[in-house]
Amino acid sequence: MSSISLPLLTLRSSPSIPFPSIINLSRPFSTSLSSNTFHHSQLLVSSSTTSNQAVTETTSNSIINVQNDDALDTTLFIIRTKNRIGLLQIITRVFKVLGLRIEKAIVEFEGEFFVNKFYVSDSNGKKIEKVEYLEKIQKALVEAMDGDDGGGGPPSVAVSGRGVVVRKGGLKAKAEKMFGLMDGFLKNDSVSLQKDILDHVEFTVARSRFNFDDFEAYQALAHSVRDRLIERWHDTHQYFKKKDPKRIYFLSLEFLMGRSLTNSVINLGIQDQYADALTQLGFDFEILAEQEGDAALGNGGLARFAACQMDSLATLDYPAWGYGLRYQYGLFRQIIVDGFQHEQPDFWLNFGNPWEIERVHVSYPVKFYGTVEEEVLNGKKCKIWIPGESVEAVAYDNPIPGYGTRNAINLRLWAAKPSDQYDMESYTTGDYINAIVNRQKAETISNVLYPDDRSYQGKELRLKQQYFFVSASLQDIIRRFKDLHKNFDEFPEKIALQINDTHPSISIAEVMRVLVDEEHLDWSKAWGIACRIFSVTIHAVQPEGLEKIPVDLLGSVLPRHLEIIYEINFRLMEELKKSFDQDYDRLSRMSIIEEGAVKSIRMANLSLACCHTVNGVSRVHLETLKTRVFKDFYELWPLKFQCKTNGVTQRRWIVVSNPSLCSIISKWLGTEAWIRNVDLIAGLREYAKDPDLHTEWKNMKKVNKMRLAEYIETLTSVKVSLDAMFDVQIKRIHEYKRQLLNILGIIHRYDCIKNMDESDKRRVVPRVCIIGGKAAPGYEVAKKIIKLCHAVADKVNSDPDIGDLLKVVFIPDYNVSVAELVIPGSDLSQHLSTAGHEASGTGCMKFLMNGCLLLATADGSAVEIAEEIGEPNMFLFGAKVDEVPALREKGTTLKGSLQFARVVRMVRDGYFGFKDYFKSLCDTVEDGGDFYLLGHDFASYLEAQAAADRAFVDQEKWTQMSILSTAGSGKFSSDRTIEEYAEQSWGIEPCKCPF
């Protein structure tokens, strides 16, 4: 019989989770923990002194003595220890969890020590006599008493345990109250949930429980769920602190989290209970879930990838933290007026965010500008940065629950606030205007996601954002490390830092500044530590897409960091000369400093110089990094470069967004274990031809298409046929993603149908072509693509000759929540990037999981998807990666097909209106300007579309291909990605919180 580990302050009873009992009971331990399982019939407080013989001594000098006197019908546990807050709670919880009864408890005092006597029996009221059981109880008490309280703030902040905070003088009077206030986990039965929700209506939302609307009900519901998240969240981090494992810290400027409610209750395993509780209160869970806004703190795949990684880290029990920025305004809201995109601020915090916890006591100063001076300390020259400006970084914590585990990790986002020092100086001198200006200036740092960096001010704000979140995060990380460790030699054994793209790369210079300037390590030792803790994932594909910071700007905002980067570069160049001697061209390419009209810092080169691992996000992407983007670095350090193909979480993209599909998979696999171990989903392959599964699969798809059709009609007033193929392309609007190719294909389809006779029209596969995505505010070509889509839609949808054979829909303000509706209802998904331009493409993975067939180029992860599901089960087209450079060299001699020339001419001649407006758009694909090879790939694209039509006509074949797509999606789970990072890059192990 094995013993159980009982960490400090995690000892609570849960009605839904059984605890193993180490006591030899005549009946099983009751998980309901009735009042008979734990009670105190007497509680006496005495002032006499007692001397006890030690049986066990803890590391905190506590002494535990166990006595089984024949005169007693109970077992006596005598614990002598120093008085500290929450200790009685800890000890009694140990007995409670083990299913023991405290018949009597006596608390006595000896100076700063107190003696606790507990008269304990088993659940049958008998004394505990077996020696091995007594030893295990003592061991559990020792582990609990020697634990740590896991505080979450800086050292100056006192953080107490749960329960009543008892001062020494008031312990006697409050002892009974402490016992009375000890409780278990929050209950999840309908009545308890209803009470919690109504309490939050009245006391959190401050509305009458007899008069509140859907939004207020959502707010109360969210706070109720958050209460349960916090329980797990506290316990997890207290356990992490006790076990002190190596932790991964994930640094990302973007986290595209989407909505949290449904994902949270599913991961907590209490969705049905909440749905039932709300039904009895007269509310519908789905309607309340729609009240939640999206947390759009990012743009595109990089940001959504970061969110999926957090979900997988929590589910797989890894000790992890995420760090980012709490933007006041998320990615802009897209408004379409007469077919033109307009941007409006995303006031996502206007109605509050019930999922975050503001940590006003967790704040750090972040410094900018100023000068660097040299001082002599202990006979050694040191650099001192004298900042010219300081702002405060205040923490906002967001619990991230894992699925099928008690672990809940933390996403800590930083908000900028003015420094109290400067505020007080302004107020003291009566300069209120200056105080307000300082506040606005400070808060600007975390105001806007993606400030326009075409101006100097925009570049400066972007740099300040990057350093602000990096500095605050590293201060937090180092403070947590120093709580438990005194020697920085242990830093690489306890800390791993993951840089999500090059935006947080300034963290390398910041770590060096802290270690050298503040911790006074010599340079070589500090650099050795930095090189062991950092790894980076590159998401860029083209060299021109890599981030560069002007030297003058960096020297102004962060003068000490510029000096450090120059020193890193000097040592790098000296090292490279040993390998490449006088190859100055190569040295110039590998230098962190780029010479030119504007002298710049290459942040990617800084990352490559330091990081022990450089990760590509697909096999195609890694080859691009090795052979083109970082060819020189790869030849020098080939072992640094690794492939970690991106993934998405099946919990968000199947369980949350497509519950009908989730039920079908669980039914046919005979288990829900695939939700945590997604490799099991491959078991669907053996049923791919089963007619019963086909029937269920088609019904599921039809229901999802009905939901999407209703949404489209509500949003755009376009009524679509459910018998049509729903053909979808939803992603950020960009030339390389080639939404223009899709639109030109739609025009070709429209032109063909328009010129058919009625008998031919009857053989046409009807299509609903759905496009969605946002164009960057300053990206005019992308905005013209959106306008062309609307112009084509207006023409096609109003043409009586076309009817339901073709509909074109643009979905405005595309975000995560819209994707959760669109993806399950899609039949065909298009991924059209010019080969070699998409790093990974996590969008196609989400469609794949939902059984949507893919029409794609051999780019990014599509190549690996084809290997998993087989090329016959998707529609590939277009030039290959290795063919693209040669095709571009042909320039004006490269001609597109006649069909391509015709559809471009229709746009150029004003067939869809706005002739002058679309002229420049047509110029990008004609007369040698077709950089993204739309003309070359057009004929191949039409062939792939025709193959999709033929497959759709045979519904049995189509359904089989759909099932095989879902069955082959297991490799593309973020769970697999995280396990590879943990093993190959970070060197971390799971740390599962017990119970």
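Residues numbered from 1 in each chain as written. Predicted model: local features only at pLDDT ≥ 70, side-chain atom pairs only at ≥ 80, totals over all residues. Heavy atoms only, no water.

An unreviewed UniProt entry annotates the protein chain as Alpha-1,4 glucan phosphorylase of Anisodus acutangulus. Here is the UniProt Catalytic activity (unreviewed entry) comment for the protein chain, exactly as written: "[(1->4)-alpha-D-glucosyl](n) + phosphate = [(1->4)-alpha-D-glucosyl](n-1) + alpha-D-glucose 1-phosphate". Its UniProt record gives the protein chain a comment under Cofactor (unreviewed entry), which states: "pyridoxal 5'-phosphate". (UniProt positions renumbered as here; feature names shortened; annotations may be inferred.)

(A) Spatial organisation of the overall build of the protein chain. Across its full length, the protein chain carries 36 helices and 30 strands. The burial tally for the protein chain puts 59% of its 995 residues in the buried class. Summing over all exposed atoms, the protein chain offers an accessible surface of approximately 39400 Å²; the carbon and sulfur share of this is 50%. (Helix = DSSP H or I, 4+ residues; strand = E, 2+ residues; numbered from the N terminus. Buried < 20%, exposed > 50% of the residue type's maximum accessible area, 1.4 Å probe, protein only. Areas by Shrake-Rupley, 256 points an atom, 1.4 Å probe, with all protein chains shown as cover.)

(B) Up close: the packing of helix α25 (residues 739-754) against helix α34 (residues 934-953). Across the interface, α25 lies against α34 with an axial gap of 10 Å and an inter-helix angle of 60 degrees. What the angle tells us is that α25 and α34 run oblique. Seen from above, α25 lies across α34 with right-handed handedness. Facing L740, L741, N742, L744, G745, H748 and R749 of α25, the residues of α34 in contact are L934, F938, Y941, L942 and D949. Residues of the contact of α25 with α34, tallied by class, amount to seven nonpolar, three polar and two charged. (Axes fitted to C-alpha atoms, helices over the stretch in contact; angles between N-to-C directions. Parallel < 35°, antiparallel > 145°, perpendicular 65-115°, else oblique. Left-handed = near helix turned anticlockwise from the far one by under 90°. Contact = heavy atoms within 4.5 Å. Nonpolar A, V, L, I, M, F, W, Y, C, P; charged D, E, K, R; others polar.)

(C) Just the nonpolar core, in detail. Of all hydrophobic cores here, the largest spans 182 residues; its most connected members are F368, W414, F468, F534 and F630. Non-local contacts of F534, meaning those with residues more than four positions away in its chain, are made with L497, I499, S507, I508, V511, C610, C611, H612 and T613. Formed by 58 residues, the second largest nonpolar core is a distinct cluster that contains L740, I771, A775 and C789. (Core = buried A, V, L, I, M, F, W, Y, C linked by side-chain atoms within 4.5 Å.)

(D) Spatial organisation of a negative patch on the surface. Taken together, the side chains of D679, E979, E983 and E989 present a region of like negative charge at the surface. With respect to the element layout, D679 can be found in the loop between α23 (659-669) and α24 (691-716). By relative accessible area, which is 55% here, D679 ends up exposed. (Patch = residues over 30% accessible without salt bridge, like charges linked within 9 Å, V, L, I, M, F, W, Y side chains within 5 Å. Salt bridge = Lys/Arg side-chain N within 4 Å of Asp/Glu carboxyl O. Lys, Arg positive; Asp, Glu negative; His and termini not counted. Charge placed at Lys NZ, Arg CZ, Asp CG, Glu CD.)

(E) Structural view of the UniProt feature "modified residue: N6-(pyridoxal phosphate)lysine" (unreviewed entry) in the protein chain. In this structure's numbering, the residues bearing the UniProt feature "modified residue: N6-(pyridoxal phosphate)lysine" (unreviewed entry) are K846. Examined against the element boundaries, K846 turns out to sit in helix α29 (residues 842-849). If we ignore the near neighbours within four places in the chain, the residues touching K846 are R304, V648, W653 and I823.

(F) View of a nonpolar patch on the surface. A contiguous nonpolar patch, built from I433, I436 and V437 and spanning about 280 Å² of accessible area, is present on the exposed surface. For V437, the location among the structural elements is in helix α11 (residues 432-443).

(G) The sheet that holds strand β20 (residues 548-550), seen in detail. The antiparallel open sheet is built from three strands, whose spatial order is β20-β22-β21. Of all the strands in the sheet, the pair left with one neighbour each is β20 and β21 (593-594). Bridge analysis of β21 against strand β22 (residues 600-602) gives two bridges, and the strand direction is antiparallel. Note on β22: the bridge partner recorded for E594 is S600. (Pairing = 2+ DSSP bridges.)

(H) Representation of the sheet that holds strand β29 (residues 853-857). Spatially, six strands are ordered β27-β26-β25-β28-β29-β30 in an open sheet, and the strand pairing comes out parallel. The strands lining the two open edges of the sheet, one partner per strand, are β27 (806-811) and β30 (875-877). The sheet shows a mean angle of 20 degrees between the axes of neighbouring strands, taken without regard to direction. Where strand β25 (residues 725-730) and strand β28 (residues 828-831) come together, two bridges link them in parallel fashion. Each bridged residue has a counterpart across the sheet, and for V728 the counterpart in β28 is S829.

(I) The pairing of strand β11 (residues 330-337), seen in detail. Strand direction decides the pairing type here: β11 and strand β12 (residues 340-346), joined by six bridges, are antiparallel. When the sheet's bridge partners are listed, I335 is paired in β12 with H342. Linkage of β11 to β12, two consecutive antiparallel strands, is achieved through a turn of two residues, within which D338 is found at a positive phi near 55 degrees.

(J) Main features of the side chain of S446. Note on placement: S446 falls in the loop between α11 and α12 (456-484). For S446, the residues in contact, after removing those within four places along its chain, are L325, R326, Y327, Q328, W414, A415 and A416.

(K) Region of the structure containing the packing of helix α32 (residues 898-908) against α34. Here α32 crosses α34 at 110 degrees, and the two axes come no closer than 8 Å. Comparing the axis directions of α32 and α34 gives the class roughly perpendicular. Pair α32 / α34 crosses with right-handed handedness. Residues Q899, F900 and V903 of α32 form the contact with α34, whose participating residues are L934, G935, F938 and L942. Of the residues belonging to the contact of α32 with α34, the class tally is five nonpolar, two polar and no charged.

(L) Representation of the environment of G330. Among the secondary structure elements, G330 is positioned in strand β11. G330 has contacts with A296, L297, D346, W348 and L449, leaving out every residue within four places of it along the chain.

(M) Structural context of the side chain of T966. In this structure, T966 sits in helix α35 (residues 955-967). Polar contacts involving the side chain of T966 include one to the main-chain carbonyl oxygen of M849, which spans 3.2 Å. Residues in contact with T966, not counting those within four places in the same chain, are I665, I681, L684, W697, L848, M849, N850 and G851. (Polar contact = N/O pair within 3.5 Å; in protein donor to acceptor, adjacent residues only side chain to side chain.)

(N) Just helix α6 (residues 261-268), in detail. Of all eight residues that make up α6, eight are buried, and the element is covered over most of its length. Tucked inside the fold, the buried residues of α6 contact α5 (214-243), α7 (271-281), α8 (285-289), α9 (301-315), β16 (389-401) and α22 (650-656). Of the residues trailing α6, G269 is marked for its positive phi of about 80 degrees.

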